[in-house]
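Structural description and commentary
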Amino acid sequence: MAHSGNYNLADNDEPEDLLPRWELARTIAREAGQATLQYFRRPDLQIERKADESPVTVADRQAERLLRERISAAFPDDAILGEEMGATDGSSPYRWVVDPIDGTKGFLRGHQYAIALGLIADGQVVLGVLGCPNLPVTATEPEGQRGRLFVAVQGGGAFTRPIEDAAETPIAVATVDNPAQATFTESVESATPGRFIPLPFSRTPPPTARVQTTSSRISSTASSIRPSTKRIWSPG
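Because the structure is predicted, anything quoted here is derived from the model rather than measured.

1. Considerations on unusual backbone geometry
- If you check the backbone angles, Arg41 has positive phi at about 60° while not being a glycine.
- Along the chain, Arg41 falls in the loop between α1 (18–37) and β1 (48–49).
- Positive phi values are uncommon outside glycine, yet Asp122 reaches one of about 50°.
- Along the chain, Asp122 falls in the loop between β6 (114–121) and β7 (124–136).

2. Side note on the pairing of β6
- Of all eight residues in β6, seven are buried; the element is thus mostly enclosed.
- In this structure, strand β5 (residues 94–102) lies alongside β6, joined through seven bridges in antiparallel fashion. Bridge pairing links Asp102 to Ala114 in β6.
- Sheet analysis places β6 next to β7, joined by seven bridges and oriented antiparallel. Bridge pairing in β7 places Ile120 opposite Val125.

3. Quick word on the sheet that holds β5
- Across the sheet, eight strands lie side by side as β4-β3-β5-β6-β7-β8-β9-β10; this open sheet has mixed pairing. Both outer strands of the open sheet, β4 (86–88) and β10 (169–171), are each paired with one neighbouring strand and no more. The average undirected angle you get between the axes of adjacent strands in this sheet is 20°.
- Relative to β10, strand β9 (residues 157–162) is paired through three bridges, and the arrangement is antiparallel. Counterpart to Phe159 in the pairing with β10 is Pro170.
- Packing against the sheet, α1 makes contact with β5, β6, β7, β8 (146–153) and β9, and its axis sits at approximately 30° to β7.
- Sheet strands touched by helix α2 (residues 58–74): β3 (79–82), β4, β5 and β6. Its angle to β5, the strand with the most contacts, is close to 155°.

4. What to know about the packing of aromatic side chains
- One pass over the full model with this rule turns up three aromatic pairs.
- Arranged with centres 5.6 Å apart and planes meeting at 40°, the rings of Phe40 and Phe107 form a pair that is tilted. Taken together, the residues Phe40 in the loop between α1 and β1 and Phe107 in helix α3 (residues 104–108) connect sequence positions 67 residues apart. Assigned by exposure class, Phe40 and Phe107 land together as buried.
- Consider the rings of Phe40 and Tyr113, whose centres lie 5.5 Å apart with planes at 45°: the pair is tilted. Here Phe40 is found in the loop between α1 and β1, whereas its partner Tyr113 is found in the loop between α3 and β6, with 73 residues between them in sequence. Residue Phe40 shares its accessibility class with Tyr113, and that shared class is buried.
- An aromatic cluster is built from Phe40, Phe107 and Tyr113, whose rings are joined through pairwise contacts.

5. Considering the nonpolar core
- Residues Trp96, Phe107, Leu117, Leu127 and Val129 are the most contacted members of the largest nonpolar core, which totals 33 residues.
- Of all the secondary structure elements, the ones that give two or more residues to this core are α1, α2, β5, β6, β7 and β8.
- Of all the elements, α1 adds the most residues to this core, at seven residues.
- Dropping the residues within four chain positions of it, Trp96 is found in contact with Arg21, Leu24, Ala25, Ile71, Phe75, Asp78, Ala79, Ile80, Leu81, Gly118 and Leu119.

6. Considering the environment of Ala114
- Along the chain, the position of Ala114 falls in strand β6.
- Once the C-alpha coordinates of Ala114 and Val129 are considered, the two residues, 15 residues apart in sequence, prove to be 9.4 Å apart.
- Beyond its immediate sequence surroundings of up to four residues, Ala114 is in contact with Asp99, Pro100, Ile101, Asp102, Leu130, Gly131 and Cys132.

7. With respect to α2
- Compared with the 24 Å implied by 1.5 Å per residue over 17 residues, the 24 Å span of α2 between its first and last C-alpha is a close match.
- Ala59, Asp60, Ala63, Glu64, Leu67, Arg68 and Ile71 are the residues of α2 that are buried. Around the axis of α2, the buried residues are gathered within 160° of arc, so they sit on the same side. Turned more than 90 degrees away from the buried face of α2 sit Glu69 and Ala73, all of them exposed.

Analysis parameters
Residues numbered from 1 in each chain as written. Predicted model: local features only at pLDDT ≥ 70, side-chain atom pairs only at ≥ 80, totals over all residues. Heavy atoms only, no water. Helix = DSSP H or I, 4+ residues; strand = E, 2+ residues; numbered from the N terminus. Buried < 20%, exposed > 50% of the residue type's maximum accessible area, 1.4 Å probe, protein only. Pairing = 2+ DSSP bridges. Axes fitted to C-alpha atoms, helices over the stretch in contact; angles between N-to-C directions. Contact = heavy atoms within 4.5 Å. Phe/Tyr/Trp six-rings, centres within 6.5 Å; stacked < 30°, edge-to-face > 60°. Core = buried A, V, L, I, M, F, W, Y, C linked by side-chain atoms within 4.5 Å. Expected span 1.5 Å × (residues − 1). Arc of directions from axis to C-beta.

If you want it as C-alpha cells, here you go:
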C-alpha cells in the first residue's frame, strides 16, 4: 500500500528531530543523483586512482560536496563522514555517513550505482537511503523509466519509490514457510565476460538453512544477475 512522504515517525516512538533529517536525506539523495547523471556515460570523463587504487571521478567529488553543503546548511551541528572528503566533527548526537557514488565501477561502465546515505544517532544506525538514478522503475521494463529511491528507518520499516514520485511503497523480505525453497544470493566480482570470482564475504547458507534452490550470482558492479551453476544444499 503506497503512502505519502509525510510519514509520522512519532507513531514509532522515534525522536521528533529524526523526521526532518529523513526528509532531507530523501531530497538530497535525489539531487545528488541528478548531479551525477551529467557525467554518466561520458566518454571524456577523467578517472583518477586513490591510494587504495580504487577509481574516483569529479562526479564522486561533486556529489559529495553537494551532500555536505545541504546537510551542513540544514543541520550545522551534525557530524559528517564522507568517502571522498573525510570527517567533519559535530556537536549533535547525529553523524551522517555518505558515499556519493557507491559502485564507482558500475558508474564508469554505465551500469548501476547508488548515492548512499546513512544516519547514526548516539552510535546507532537510525536511517539509510539509497538513490539509484539508473535503476529501472519497473523490473519488467528495463528500458522504461529509470531512477529509484530506497529508504529504511529504525522502527519505521523500509520503503521504495520512483525517484521523481513522492508515493512510497513498503518493502520487506518475502516470507518463506519452507527454508528449502529460499533463494540464496551470492556476491561475485566480474572479471572477464562469463567469469566470476566469489568475494571474500560471499558465503554459502549455514547448514541449518537447508537451502535447496539454485543460488543467484550478483556482480559487485551490478552489471549482471544470473543463476549459479551449482546448487546450494546442506543436509545438516
